[in-house]
Amino acid sequence: MTAVQPLQLLSPEGGASVEPPEGLDPERLLSLYRNMVRLRVFDRRALNLQRQGRINFYAPASGQEAAMIGSAAALEPQDVAYPTYRESGVCLQRGMSLRTMADQLFGNARDLVKGRQMPNHWSSREHNIVSISSCIATQIPQAAGTGMAQRFRGENAATICYFGDGATSEGDFHAGLNFAGVFRANTVFFCQNNQWAITVPVTRQTAAPSIAIKASAYGFEGIRIDGNDLLVVYKTVREALEKARSGGGPTLIEALTYRMGPHSTSDDPRRYRTEQEVETWRRRDPIERLQRYLEARGWIDAEQVERIAAEAKEEVDRAISEAEAVGPPEPETLFEDVYARPTPQLERERRELLDLIRRGVVSRVTHTPIRGS
Amino acid sequence: MPVMNYIQALNSALNNAMEEDERVVVFGEDVGRMGGVFRVTDGLQKRFGEKRCFDTPLCEQGIVGSAIGMAIGGLRPVAEIQFMDYILPAYDQIANELATLRYRSGGQYAAPVVVRTPCCGGIHGGHYHSQSTEAIFTSVPGIHVVMPSDPYDAKGLLISAIRSEDPVLFLEPKKLYRSAKAEVPESPYEVPIGKAKRLREGEHVTVIAWGVMVKVCEKAVDAVAEKGIRCDLIDLRTLTPLDEEAVLSSVEKTGRVVIVHEARRNTGYGAELAALIAERALLSLEAPIRRVTGFDVHCPFTLDPYFLPDPPRVALAIEETARF
């Protein structure tokens, strides 16, 4: 069996003759380009922060900007997103501020998740971004359930579920897609096939010719697209969301893309993949591709490109320096949110910890986690 | 007031909950058309429709995973796992996802899900229809674990669980389903989560149990009473959060404790109770803390009368503890 050719609107060369899909006027395209640039700048700064020992972990998004920004741009505010820990771009595109994102990397007192999760585990109820688990694929049946609730309640809303190629090997992938198919959930499953699950290539995850093809086993449509093509990502996701909202059931979208960096700051990709492969994908870079298109259409000029990059750098720098200046959460917050109200046992444990700190037996946590701490 | 068995009481609770809150949905394997393999959900689909009570694919992690998502989507899911022995594929969804959601989201998200499941043995069900694995859940913060021992408590606790803002693992000893009967009001009422109940009062020995073992202990306690040994019998009803006050105040009075559970002894919940008593009431103790539990083997089919603590075994432990 041969690999299925992905749908594409923008070729790597830029395809100036292509008209943007419905919903993307030049102004909107420019704002998406700007967010892709902001995302890449944030990503590089975050990797450097970890290398400088100022945060303890990071999982980069570079190379996947079109898949993240394009899919999130297709969402309406009432749609629910279940991201994974790599979806910095989804958070950014849904309106999370760079400062809020930076607060989470540091796990500081202002972090919306109160410093309880490693870097990359953003969540914001305000932006309909559900809490992220480090477990692979566990969000898939949950996203099916939210899509079921939206359908049962007759809401004009859909749910998007993000995961990678590795997640398709988990039992929860089968559980979630099967439930969504049986109950015609308002859920769009968005798989970023970035070719690698840490060190294991996608050919070791499945013998099927594509991931999209698996949808047919669950009774709904699977679509394979070029995940580095912002236009096709936006168009495909938008149509799938509209179909879901109008009761047409789920869709599985496989976006072919590439993780240009390591899985996380804990691995070195040079040990498991070739420079030649990386170079092939570098030529398909999603930001450069969109930029060439915007230039060819006359919707952006060199001065704007430069200004957008400079503004992004300044914004990211400011967000990070502000976040780094905030200290860790107070010790008593350790016992909040286990239950809606603390149990008597938790009240006692809280008193115990505060007493140990007061007596100097336990040292107060005075800074947020840094590499090796 | 009508007399109901345990199943009828649960069914009454589900009817009340679905009447009072249209967000409540009930689902699992065989719960819709048939009303559950034990008929706990009998009649709900007919009365409330297929959107409120439905059969799911045969997939425990899908049942609990989708329940979490439904709760995030604004419903109040009551999910059934057909037997506690089959809950393990959903353990990741329960322990890593459901129980952690409020905490890991900084209090932004919560999933008020009730997972109901028949538990415990005594029905010759062999290893795969007999287990009582509450201890692998009581060690997980963020989820309440309850195991009522009679129909009145079963209904009141189920209503409390469905109304709770926190997830609840609701354990139903299947041996009691038809054998336990009590007067149960038709209208809704709550039995609070986290409160134990004293079923017998006495000054010599504290006997602590939950689930089917409460019935076994009632017989044992009544038998030793004829020999002049008077016991406090405490039905924990809720395992987490534990009603520590009920346990400790009784032990301080009697100084002697027998803990009875059906689960195996090794790292069973009794170990936590014994440790609590040793930490907080050691100087009140007049005798070693005694545990009567299932043996550390897999639940057997033919020989399960050996495995399960019975009234004579419990009575002997009480007598030996009283005489120590």
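Residues numbered from 1 in each chain as written. Chains lettered and ligands numbered in written order. Predicted model: local features only at pLDDT ≥ 70, side-chain atom pairs only at ≥ 80, totals over all residues. Heavy atoms only, no water.

1. Considerations on the pairing of strand 14 (residues 290-294) of chain B
Within a regular strand, the side chains alternate between the two sheet faces. Residue and element names in this part refer to chain B. Strand direction decides the pairing type here: strand 13 (residues 257-264) and strand 14, joined by 5 bridges, are parallel. Looking at the pairing, His-261 lines up with Thr-293 of strand 14. Once you follow strand 13 into helix 11 (residues 269-281) and on to strand 14, the crossover reads as right-handed. (Pairing = 2+ DSSP bridges. Helix = DSSP H or I, 4+ residues; strand = E, 2+ residues; numbered from the N terminus. Right-handed = clockwise from strand over helix to strand, strands pointing away.)

2. Re the domain arrangement of chain B
Residues and elements named next belong to chain B. What the domain assignment reports for chain B is domain 1 (3-183) and domain 2 (197-323). Each side of the interface is counted separately: domain 1 has 27 residues, and domain 2 has 26 residues. Contact with domain 2 buries area across many residues of domain 1, yet His-124, Met-147 and Ser-149 alone supply 24% of it, more than any other trio. Our count for the contact surface shared by domain 1 and domain 2 stands at 3 salt bridges. When the shortest N-O distance is used, the salt bridge between Asp-153 and Arg-237 registers 2.9 Å. At the boundary of domain 1 and domain 2, one finds 13 residue pairs in polar contact (both at pLDDT 80 or more). Among the elements of the structure, helix 6 (135-138), strand 6 (144-146) and helix 7 (151-163) are those that each provide at least two residues to the side of domain 1 that touches domain 2. Counting residues per element, the side of domain 1 that touches domain 2 draws most heavily on strand 6, which supplies 3 residues. Among the residues forming the side of domain 1 that touches domain 2, the class breakdown is 12 nonpolar, 11 polar and 4 charged. (Domains from an automatic or database assignment. Contact = heavy atoms within 4.5 Å. Buried area = accessible area lost by both parts, 1.4 Å probe. Salt bridge = Lys/Arg side-chain N within 4 Å of Asp/Glu carboxyl O. Polar contact = N/O pair within 3.5 Å; in protein donor to acceptor, adjacent residues only side chain to side chain. Nonpolar A, V, L, I, M, F, W, Y, C, P; charged D, E, K, R; others polar.)

3. Quick notes on the sheet that holds strand 4 (residues 76-80) of chain B
Residue and element names in this part refer to chain B. Taken together, the 7 strands give an open sheet; going across it, the order is 3-2-4-5-7-6-12, and neighbouring strands pair in mixed fashion. Of all strands in the sheet, those with a lone pairing partner are strand 3 (53-55) and strand 12 (238-240), marking the two edges. Taken over all neighbouring pairs, the strand axes of this sheet differ in orientation by 20° on average, direction set aside. Pairing of strand 6 with strand 7 (residues 168-173), which is carried by 3 bridges, proceeds in the parallel orientation. Within strand 7, the position partnered with His-144 by the bridge is Val-168. (Axes fitted to C-alpha atoms, helices over the stretch in contact; angles between N-to-C directions.)

4. Structural notes on the interface of chain A and chain B
Across the contact, 42 residues belong to chain A and 43 residues belong to chain B. Here chain A packs against chain B, burying approximately 3,600 Å² in sum over the two surfaces, 58% of which is carbon and sulfur. Broken down residue by residue, the surface that chain A buries against chain B is led by A:Arg125, A:Phe179 and A:Tyr339, which jointly contribute 19%. Taken together, the connections running from chain A to chain B amount to 1 salt bridge. Between A:Arg348 and B:Glu244 there is a salt bridge; the shortest N-O distance is 2.6 Å. Elements supplying a minimum of two residues to the side of chain A that touches chain B: helix 5 (139-152), helix 6 (171-182) and helix 11 (344-358) of chain A. Considering each element in turn, the side of chain A that touches chain B owes the most residues, 7 residues, to helix 5 of chain A.

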